[in-house]
Amino acid sequence: MQFIKHLILSALALNMLSCGFLEDKTKDNEATAATVQDTTAQNAPKDGYIVTPYVAHPQFKALSAAFETQEHRFEIDRCAFKYNGKSFFIGDTEEKILKILGKPDEIIKNDINKNYHLEYIKFKIILKFNSKSKLLESLVMLFTYYSKSINTTYKIIKFRKTPYKLDMTLNEFIELCDLNHEKNLTHDISSFYIKNEKPCSIETETSIGSTPNYHSISGGHVTMRGEFNPNSTGPINILGVGLKTNN
């Protein structure tokens, strides 16, 4: 029964992250992950957007200071993750990440998809590894959609060098940086994505799991979904980064 619960949790993360980077990769993607350690940033395209924090915002300094006082500090930047100042990223080895994050609470094996997940309950984090290469393929942070009843051991993370407090709406967060619905954010029915973001030496994609809202159109007894409403957003429930798919 416990194993089934874990599979359901993994399936939830798969459904919420509609960009699909938790799905099994092709052999080409596996080869990319296996060689990431030998790939340098010089091979990445020079053009691309980089999120810029708005440090002059009245809340920025206080939130950043509060972040620094936490026992557990996570940073999700464009080409690196950090936990308490120690860096790792997609394509790193399980051995390296265990030295940084410690022993996981659960190991979820998936023989069908030939991958396995390390679950850190207190961090609300799931890491997916390729079973053959033992390299990290995706990281998912589940702030709200989580089956374990445990308090989050942190209240603020840094996302693209900008502090995000877990109860903030997406719009409250983008006031702290130069992200903008019209210029550099796009979305589907469940998540937001950063447009034309400058790639790293290994191509990744980031899903911001805040469900987009739409205007309602009343037509008799039927209410239909209208255009996207950029003025109304909810909190970020899931944040995920993984290998970019070929889709």
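Here, every reference points to the structure presented above.
Rules and cut-offs
Residues numbered from 1 in each chain as written. Predicted model: local features only at pLDDT ≥ 70, side-chain atom pairs only at ≥ 80, totals over all residues. Heavy atoms only, no water. Salt bridge = Lys/Arg side-chain N within 4 Å of Asp/Glu carboxyl O. Buried < 20%, exposed > 50% of the residue type's maximum accessible area, 1.4 Å probe, protein only. Helix = DSSP H or I, 4+ residues; strand = E, 2+ residues; numbered from the N terminus. Disulfide = S-S within 2.5 Å. Pairing = 2+ DSSP bridges. Axes fitted to C-alpha atoms, helices over the stretch in contact; angles between N-to-C directions. Contact = heavy atoms within 4.5 Å. Phe/Tyr/Trp six-rings, centres within 6.5 Å; stacked < 30°, edge-to-face > 60°.

Peer 1: It is not clear to me how the pattern of salt bridges should be interpreted in this structure. Could you clarify?
Peer 2: Side chains that differ in sign of charge can pair as their charged atoms come close. Counted according to the given criterion, the structure contains five salt bridges. Among the salt bridges present, the one from Lys96 reaches Asp92, with a minimum N-O distance of 3.2 Å. For Lys96, a relative accessible area of 34% corresponds to the partly exposed category. For Glu95, the salt bridge identified is with Lys99, shortest N-O distance 4.0 Å. Of the two residues, Glu95 and Lys99 are both situated in helix α4 (residues 94-101); the distance of four residues between them amounts to about one turn of the helix. For the pair Glu95 and Lys99, one class covers both residues: exposed.

Peer 1: In this structure, what is going on with the environment of Thr245? I would like to understand it.
Peer 2: With respect to the helices and strands, the residue Thr245 is situated in the segment after β15 (238-243). Taking the relative accessible area as the measure of exposure, Thr245 reaches 15% and is therefore buried. Taking the C-alpha atoms as reference points, Thr245 and Glu205, 40 residues apart in sequence, are found 8.2 Å from one another.

Peer 1: I tried to follow the state of the cysteines on my own but got confused; where do I start?
Peer 2: Cysteine pairs can be linked by a disulfide, which is a covalent bond between their two sulfur atoms. For the structure on display, the rule yields one disulfide. The disulfide that involves Cys79 links it to Cys200, with 1.9 Å between the sulfurs. When the S-S torsion is -95°, as for the bridge of Cys79 with Cys200, the disulfide is left-handed. Of this pair, Cys79 sits in the loop between β1 (74-76) and β2 (81-83) while Cys200 sits in the loop between β11 (192-194) and β12 (204-209), placing them 121 residues apart in sequence.

Peer 1: How do you make sense of the pairing of strand β6 (residues 125-130) when you look at a structure like this?
Peer 2: Two faces make up the sheet, and in a regular strand the side chains alternate between them. Here β6 lies mainly inside the structure; six of its six residues are buried. Burial of the side chains of β6 extends over both faces: Ile125, Leu127 and Phe129 are buried on one face and Ile126, Lys128 and Asn130 on the other. Relative to β6, strand β5 (residues 115-120) runs antiparallel, the two sharing six bridges. Within the sheet, the bridge partner assigned to His117 lies in β6 and is Lys128.

Peer 1: Looking at this structure, I do not really get the sheet that holds β2. What am I missing?
Peer 2: Strand pairing within a sheet occurs via backbone hydrogen bonds; the two strands may be parallel or antiparallel. Spatial strand order, β3-β2-β1-β8-β9: five strands in an open sheet with mixed pairing. Pairing within the sheet leaves two strands with one partner each, and these edge strands are β3 (86-88) and β9 (162-165). Neighbour to neighbour, the strand axes of the sheet diverge by 25° on average, direction disregarded. In terms of strand pairing, strand β8 (residues 156-159) meets β9 through four bridges, oriented antiparallel. Opposite Ile156, over in β9, you have Lys165 as the bridge partner. Here helix α3 (residues 60-68) sits on the sheet in contact with β1, β8 and β9, set at roughly 115° to β8.

Peer 1: Please explain the packing of aromatic side chains as it appears in this structure.
Peer 2: Aromatic rings considered in pairs are described by the distance between their centres and by the relative angle of their planes. With the rule as written, the count across this model stands at 13 aromatic pairs. Centroid distance Tyr164 to Phe173: 5.7 Å. Interplanar angle 85°. Geometry classified as edge-to-face. The class for Phe173 is buried, based on a relative accessible area of 1%. Between Tyr214 and Phe228, the aromatic rings sit 6.1 Å apart at their centres with planes inclined by 70°, giving edge-to-face as the arrangement. Taken together, the positions of Tyr214 in strand β13 (residues 214-219) and Phe228 in strand β14 (residues 222-228) put the pair 14 residues apart, joining distant regions of the chain. You can call Tyr214 partly exposed: its relative accessible area is 22%. Taking the relative accessible area as the measure of exposure, Phe228 reaches 18% and is therefore buried.

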